[in-house]
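One-letter residues, chain by chain:
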Amino acid sequence: MPPNGDLQAPSYVELYKTINELQKKIKQLESEVASSRDGSQVSATTSVVNTPRADVCEYRVLPDLNKSIKVFDGCEPVYEADDWIQTVEGMANLNCWPLAFRMQFVRSYITGAARSWFTGRDFKDWDDFIQKFRNTFVRQLRTADKWEAMQKRRQIFDEHIMVYFQEKARLCRGLSLSFDETRDYIIQGIYHKELAMYVLGKNHSNEEGLMSDLLDWTRMNAKRTEIKHEKEQKGRPTAKASTRGGSGSGSHASGSTGKWVPKTAKPEVSDKSSADTDEMVDTDKSKCWVCRKVGHFARDCTSRPTVNNVMMMKETTNPYIKRGKINGIEMTVLLDTGSYYTLLKSSMASRCKLELRRTKKSLYGLGSVSVPSVCVVGKANATILVDNVEAGPVKVLVVPDNVQRYDMIIGRNWLDLDGVTYKK
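Residues numbered from 1 in each chain as written. Predicted model: local features only at pLDDT ≥ 70, side-chain atom pairs only at ≥ 80, totals over all residues. Heavy atoms only, no water.

**Let's talk about the overall build of the protein chain**
Here comes step 1: Within the protein chain, the regular secondary structure consists of 14 helices and 10 strands.
Here comes step 2: Expressed as a percentage of the 424 residues in the protein chain, the buried residues total 24%.
Here comes step 3: By sequence separation, contacts in the protein chain at least 24 residues apart represent 50% of the contacts at least 6 residues apart.
Here comes step 4: Of the roughly 32300 Å² of accessible surface on the protein chain, a fraction of 52% belongs to carbon and sulfur atoms. (Helix = DSSP H or I, 4+ residues; strand = E, 2+ residues; numbered from the N terminus. Buried < 20%, exposed > 50% of the residue type's maximum accessible area, 1.4 Å probe, protein only. Contact = heavy atoms within 4.5 Å. Areas by Shrake-Rupley, 256 points an atom, 1.4 Å probe, with all protein chains shown as cover.)

As structure tokens, then:
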């Protein structure tokens, strides 16, 4: 502060020098901090390297390898082979296994074709083994094969929805499909139509939401099935024990009243009457009910009257099917009020000696509006005679013979002429 107590602002030159000095001090401090940090890291690394192995305490959890890694035989799909080698590599890196231990572990968990491939091969290091393993068992599939496998994967009967969903989603991820496309393919492969229609009406933004709706429907369907089964079990009638009479010869139980009533003695029948009865029964069985004669049945009776069934059918004709003519050539025509053009078979056009002109006209039917259903061969002008009514000339489109059943289909371009009157 100046002696007189008044503050005085520094000049521009003084302010510029002060700023430069401050920047130099900041850079010097930053370099000192960086050098001190590097020195501490080097010292820490040196202390770790020089520390004996016995002084370091390590805690490791030994996994159950029989449960975490399965035996590989080389015939698994590509994705299972890739998952197996990733599991082995992750286990080895986690437990810091040396190369000899890794190779012995792989030898212990391969069989079949994979064991034959492994035996007798030399590997420089672990990376060399991984590369050769992937070149053999984790080969790159073609996109066409991936598409075919994804489309063929469908949920089978009694397969859990989680198993189907995860495998179908994995196949879709292998094709780099978007979520909307993946959702459509997953819904297409669902076995139950009710489940597919249920999730189709929902909005989903990710796989988790779609899976949640699938599991909710499966859970509720299982509960409803269980309740329905219980109702069916309750609705079934239970069998009642039959009441039998006592062992005594003098009485028996009555099922209607529950009282004991005396048992009446069965009248004895002589052998002769019994034989006569049997003979009468056999005679009645072989008696014809048509001619009342004994010795044959009604189906074999020759006296059975013959009945001829005559069905009367009323002959009906189609009022829209007529006989028409072009240049005196008679043909079968169909009056089609729903068609604007008149169509004629190419064979009939040549018989009528019509002069055809080229045309690029295409006809569309029910279905696609971009792909034509009929390609016209040509066009001509003709005068048509139907029911003694001759009108024209009108434009007639000539089509192949296999397109239509009738020789000519007459459209509205002829039916709507002033000289033609028709009644529907």
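Once you've had a look at it, read on.
**Notes on the pattern of salt bridges**
Here comes step 1: A complete count under the given rule lists 10 salt bridges for this structure.
Here comes step 2: Measuring nitrogen to oxygen at the nearest pair gives 3.1 Å for the salt bridge that ties Glu-167 to Arg-153. Remark: Arg-153 occurs in the loop between α7 (143–152) and α8 (161–174) and Glu-167 occurs in helix α8; sequence separation between them is 14 residues.
Here comes step 3: Between Arg-323 and Glu-330 there is a salt bridge, and its shortest N-O distance comes to 3.2 Å.
Here comes step 4: Accessibility expressed as a relative area gives 45% for Arg-323, which makes it partly exposed.
Here comes step 5: Relative accessible area serves as the criterion here: at 43%, Glu-330 is assigned to the partly exposed category.
Here comes step 6: If you follow the salt bridges from partner to partner, you end up with Arg-153, Glu-159, Glu-167 and Arg-170 in one network. (Salt bridge = Lys/Arg side-chain N within 4 Å of Asp/Glu carboxyl O.)

**Considering the sheet that holds strand β9 (residues 389–399)**
Here comes step 1: If you walk around this closed barrel you meet the six strands as β3-β4-β10-β5-β9-β8, and the pairing is mixed. When strand polarity is set aside, the average angle formed by the axes of neighbouring strands in this sheet is 45 degrees. (Pairing = 2+ DSSP bridges. Axes fitted to C-alpha atoms, helices over the stretch in contact; angles between N-to-C directions.)

**A look at the packing of aromatic side chains**
Here comes step 1: Tallied over the full model, the rule gives 20 aromatic pairs.
Here comes step 2: Ring centres of Trp-97 and Phe-105 lie 5.1 Å apart, and the angle between their planes is 50 degrees; this geometry places the pair in the tilted category.
Here comes step 3: Ring centres 6.2 Å apart and planes at 85 degrees place the aromatic pair Phe-118 and Phe-129 in the edge-to-face group. Placement of the pair is Phe-118 in helix α5 (residues 113–118) and Phe-129 in helix α6 (residues 126–137), with a sequence separation of 11 residues.
Here comes step 4: With a relative accessible area of 5%, Phe-118 lands in the buried category. (Phe/Tyr/Trp six-rings, centres within 6.5 Å; stacked < 30°, edge-to-face > 60°.)

**With respect to the side chain of Arg-102**
Here comes step 1: Among the structural elements, Arg-102 can be located in helix α4 (residues 99–108).
Here comes step 2: Despite its burial, Arg-102 pairs with no opposite charge; the closest candidate is Glu-89, at 5.9 Å N-O.
Here comes step 3: Beyond its immediate chain neighbours, meaning those up to four positions away, Arg-102 contacts Ala-92, Asn-93, Trp-97 and Trp-126. (Lys, Arg positive; Asp, Glu negative; His and termini not counted.)

**Description of unusual backbone geometry**
Working note: non-glycine residues mostly have negative phi, and peptide bonds are mostly trans.
Here comes step 1: Here the phi dihedral of Asp-158 falls at roughly 65 degrees; this positive angle occurs in a residue that is not glycine.
Here comes step 2: Checked against the element boundaries, Asp-158 lands in the loop between α7 and α8.
Here comes step 3: Its identity is not glycine, yet Asp-387 carries a phi of approximately 55 degrees, on the positive side.
Here comes step 4: With respect to the helices and strands, the residue Asp-387 is situated in the loop between β8 (378–386) and β9.

**A word on α4**
Here comes step 1: Every buried residue belonging to α4 is among Arg-102, Met-103, Phe-105 and Val-106, and all of these are buried. Buried residues along α4 cover an arc of 160 degrees about the axis, so they all sit on one side. (Arc of directions from axis to C-beta.)

**Comments concerning the pairing of strand β3 (residues 321–326)**
Here comes step 1: Alignment of β3 against strand β4 (residues 329–335), held across six bridges, turns out to be antiparallel. The residue of β4 that forms the bridge with Ile-326 is Ile-329.
Here comes step 2: Of the strand pairs in this sheet, β3 and β8 are connected by two bridges, and their pairing is antiparallel. Its bridge partner being in β8, Lys-325 is matched across the sheet by Leu-385.

**Notes on the environment of Gly-174**
Here comes step 1: In this structure, Gly-174 sits in helix α8.
Here comes step 2: Placed 31 residues apart in sequence, Gly-174 and Thr-143 show a C-alpha to C-alpha distance of 9.1 Å.

**Quick look at the nonpolar core**
Where a protein is soluble and globular, its nonpolar side chains tend to be buried together.
Here comes step 1: Counting residues in hydrophobic clusters, the biggest one holds 25 residues, and the most contacted among them are Phe-72, Trp-84, Val-106, Phe-118, Phe-129 and Phe-133.
Here comes step 2: Going through the elements one at a time, α3 (78–94), α4, α5 and α6 are the ones with two or more residues in this core.
Here comes step 3: For Phe-72, the residues in contact, after removing those within four places along its chain, are Ala-81, Trp-84, Tyr-109, Ile-110, Thr-111, Ala-114, Phe-133 and Phe-137.
Here comes step 4: Counting residues in hydrophobic clusters, the runner-up holds 22 residues, among them Cys-352, Leu-354, Val-386 and Ile-410. (Core = buried A, V, L, I, M, F, W, Y, C linked by side-chain atoms within 4.5 Å.)

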